[in-house]
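# Commentary on secondary and tertiary structure
One letter stands for each residue in the lines below.
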2 protein chains.
Amino acid sequence: MAKQPLIPPIGKKIKLSDYDPGYAGGFKDKTEVEETLKKDLQRLDELQDILYAGGQYGLLVILQGMDTAGKDGLIRHVFKGVDPQGVEITSFKAPTPAELARDFLWRIHQRVPAKGMIGVFNRSHYEDVLVVRVHELVPKSVWKERYDHINRFEETLTEHGTIVLKFFLHISKNEQKERLEARRDDPAKQWKFNPGDLKEREYWDAYQEAYQDALSRCHTEKAPWHIVPANKKWYRNYIVTKTIIETLERLDLKYPAPPEGITQMVVPD
Amino acid sequence: MAKQPLIPPIGKKIKLSDYDPGYAGGFKDKTEVEETLKKDLQRLDELQDILYAGGQYGLLVILQGMDTAGKDGLIRHVFKGVDPQGVEITSFKAPTPAELARDFLWRIHQRVPAKGMIGVFNRSHYEDVLVVRVHELVPKSVWKERYDHINRFEETLTEHGTIVLKFFLHISKNEQKERLEARRDDPAKQWKFNPGDLKEREYWDAYQEAYQDALSRCHTEKAPWHIVPANKKWYRNYIVTKTIIETLERLDLKYPAPPEGITQMVVPD
């Protein structure tokens, strides 16, 4: 199996068909990454503690993907082991009237993580060039300007100490079918089954095209996209966790110095 | 050892000296609750999933206690095993000018959990009758009215589907001394050491009195206080987890019914 890049080359048009959603980095099955993943999750826990203590950087993790691509599952698996006080998840739904009355980045900006925090976006401002484009919720003249707005916005964030990590969870059309069927047939998951998702599935090709453009146009040195092969949940969790860890390692995080003269301080009775 | 109630009798003045911070429910040590706690944390994870799915109730957990009482540690231990997408932690710090320009409940109300969510307050509106009273940040005529405001506010919440669970993490003055010393002496914890905490410790008695009044005056049938013996961290985690579980069990939560005709729905290719 040829090695598949996680980050596509910058500056070239991305073709999603070049990326195999079933790719698993040469690993045969879950058992081959289990131990590493467990250690990585512990390491993530440690790194988050230093990130929080240092208060120097915020980490923004953006998750995008088709329905059933595994955004919820990823959040559950990767961030469950981290101190909940240091993580803020935002799940962006259809905008409210108050949100629609502002520019599309208004509600997004409010949820950017503070320094020291990890912020996770379950869907994001990218929906404004995805669902909005596919269903023509605004005219083309409006959404086509948004790629630039997004790039400028993300540049502002990265220049002010926010690390932006963007993950596209890439599944195949057939994998989505299997997951929808599993949801339909499992009594514990049926409440999640939304008949509207079946309708949405008919727009698969339009979504892939919209994704391709969004990924291509908003793929920058400072805030690149990661195309995560996501047919195999275990590989998805493994590679995203690794990427987050490597990103935090590169920051060379340190605990702040203790207050001066701390060892001489006496705690009164 | 006499059994110590977790919830004091409603309608009577609470005397904190009646409650032993070292109480551990008759358990000898950590090993006696470890297995139960582990199972309880799993059960909490399950219950949270149904709470989220049902979207009928919100759960608000309010944590108060002296410095080092273990609010952060409790959050870490109890909520780490729960889907991070279903939990929102708010740590209330000194109010900003914008917050001070409104009534004291303004910033609190904004952070009340949505239905389906667990919201955890690390400190809360109670600080407005605690630190504010001890340091006379507003005149007595102002803070003494706040007990009523708090009761009315919490009543509004409970009448609209928010379950309010209030925990006072009760430690002894000597336990605080030991914890501050541990923080001073452990290189991995020194960054958390705030010399201001030593100064604050001099107000111990004034804080205990303020707590006694706050607990007594805002101890209602619908939103009672739990006085958590917190000298032993393992017992603190054990009893708080148990209380949350029992509260959720009483709600008789159920997954919502699946959409009608779900089994006949065909997922198209």
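For clarity, every value in this text was computed on a predicted model and none was experimentally measured. Counting starts from 1 at the beginning of each chain's written sequence and moves along it residue by residue. By the order in which they are written, chains take letters starting at A while ligands take numbers starting at 1. Totals for whole chains, interfaces and linings use every residue, but because this is a predicted model, local features are given only for residues with pLDDT of at least 70 and side-chain atom pairs only at 80 or more, for both listing and counting. The side-chain figures draw on all heavy atoms in the structure; neither hydrogens nor water molecules are used.

All names here are of chain B. The five strands lie next to each other as β2-β3-β1-β4-β5, forming an open sheet whose pairing is parallel. Taken across any chain shown, the strands that pair with only one partner, and hence form the sheet edges, are β2 (87-91) and β5 (225-229). Across the sheet, the axes of successive neighbouring strands diverge by a mean angle of 20 degrees, strand direction being ignored. When DSSP finds at least two bridges between two strands, those strands are taken to pair. Secondary structure elements follow DSSP: runs of H or I no shorter than four residues count as helices, runs of E no shorter than two count as strands, and numbering proceeds from the N terminus. Bridge analysis of β2 against strand β3 (residues 118-122) gives five bridges, and the strand direction is parallel. When the bridges of β3 are listed, T90 appears paired with F121. For helices, the axis comes from a line fit to the C-alpha atoms of the stretch in contact; other axes are also lines fit to C-alpha atoms, and the angle between any two N-to-C directions lies between 0 and 180 degrees.

Least squares is the method used to superpose the copies, on C-alpha atoms of residues holding a pLDDT of at least 70 in both. Turning chain A through 180 degrees and shifting it by 0.0 Å along the axis lays it on chain B, with an RMSD of 0.0 Å. Between the two chains, the operation in question is that of a two-fold axis. The position closest to the rotation axis in chain A is occupied by the C-alpha of A:K80, lying 2.9 Å away. We call two residues in contact whenever any of their non-hydrogen atoms come within 4.5 Å of each other. When the interface residues of chain A are mapped onto chain B, 100% of them are again interface residues, pointing to one common binding face.

Glancing now at the sheet that holds strand β2 (residues 87-91) of chain A. Residue and element names in this part refer to chain A. Taken together, the five strands give an open sheet; going across it, the order is β2-β3-β1-β4-β5, and neighbouring strands pair in parallel fashion. Of all the strands in the sheet, just β2 and β5 (225-229) have a single pairing partner and so form its edges. Adjacent strand axes in the sheet meet at a mean angle of 20 degrees, parallel and antiparallel pairs treated alike. Across five bridges, the pairing between strand β1 (residues 58-65) and strand β3 (residues 118-122) is parallel. Bridge assignment links L59 to a residue of β3, and that residue is I118.

Before going further, it helps to spend a moment on the pairing of β5(A). Counting buried positions along β5(A) gives five out of five residues, so the element sits mostly inside the fold. Side-chain alternation along β5(A) places A:W225, A:I227 and A:P229 on one buried face and A:H226 and A:V228 on a second face that is also buried. Relative accessibility decides the category of a residue: with a 1.4 Å probe and only protein chains considered, values under 20% of the type maximum give buried, values over 50% give exposed, and everything between is partly exposed.

A few words on unusual backbone geometry. Its identity as a non-glycine residue notwithstanding, A:E136 has a phi of 50 degrees, on the positive side. For A:E136, the location among the structural elements is in the loop between α5 (131-134) and α6 (140-143). On the basis of relative accessible area, A:E136 is assigned to the exposed category, the value being 66%. Here the phi dihedral of B:R123 falls at roughly 70 degrees; this positive angle occurs in a residue that is not glycine. Within the secondary structure, B:R123 is located in the loop between β3 and α5 (131-134). The exposure class assigned to B:R123 is partly exposed, which follows from its relative accessible area of 22%.

For the rest of this paragraph, the subject is the packing of helix α1 (residues 31-54) of chain B against helix α11 (residues 233-250) of chain B. All names here are of chain B. Orientation of α1 relative to α11, taken along the N-to-C sense of each, is 35 degrees, at an axis distance of 9 Å. Our pair here, α1 against α11, has a crossing hand that is left-handed. Contact residues: α1 offers V33, T36, L37, D40, L41, R43, L44, L47 and L51, while α11 offers W234, N237, Y238, T241, K242, I244, I245, L248 and E249. Residues are grouped as follows: Ala, Val, Leu, Ile, Met, Phe, Trp, Tyr, Cys and Pro are nonpolar; Asp, Glu, Lys and Arg are charged; every other residue, Gly included, is polar. A class-by-class count of the residues in the contact of α1 with α11 yields 11 nonpolar, three polar and four charged. We call a crossing left-handed when the near helix sits turned anticlockwise from the far one by less than a right angle, and right-handed when that turn is clockwise.

Another point: the side chain of B:D67. Residue placement: B:D67 occurs in the loop between β1 (58-65) and α2 (71-79). Given a relative accessible area of 18%, B:D67 falls into the buried group.

A common way to state how big an interface is: give the accessible area lost once the parts meet. Of the residues lining the interface, 40 residues belong to chain A; the matching set on chain B comes to 40 residues. When two parts are brought into contact, each loses some accessible area as probed by a 1.4 Å sphere; the total of that loss over both is the buried area. Surface buried jointly by chain A and chain B totals about 3,900 Å² across both partners, of which 60% is contributed by carbon and sulfur atoms. When the buried surface of chain A facing chain B is broken down by residue, A:Q85, A:W191 and A:V267 rank first, second and third, together holding 19% of it. A pairing counts as a salt bridge when a side-chain nitrogen of Lys or Arg comes within 4 Å of a carboxyl oxygen of Asp or Glu. The interface formed by chain A and chain B holds eight salt bridges in total. Its salt-bridge partner being B:D45, residue A:R76 comes within 2.8 Å of it at the nearest N-O pair. Counting residues per element, the ones that place at least two in the side of chain A that touches chain B are α1 (34-54), α2 (71-79), β2, α8 (173-185) and α9 (195-201) of chain A. In terms of residues, the side of chain A that touches chain B owes the most to one element, α8(A), which gives five residues. Partitioning the side of chain A that touches chain B into residue classes produces 22 nonpolar, six polar and 12 charged.

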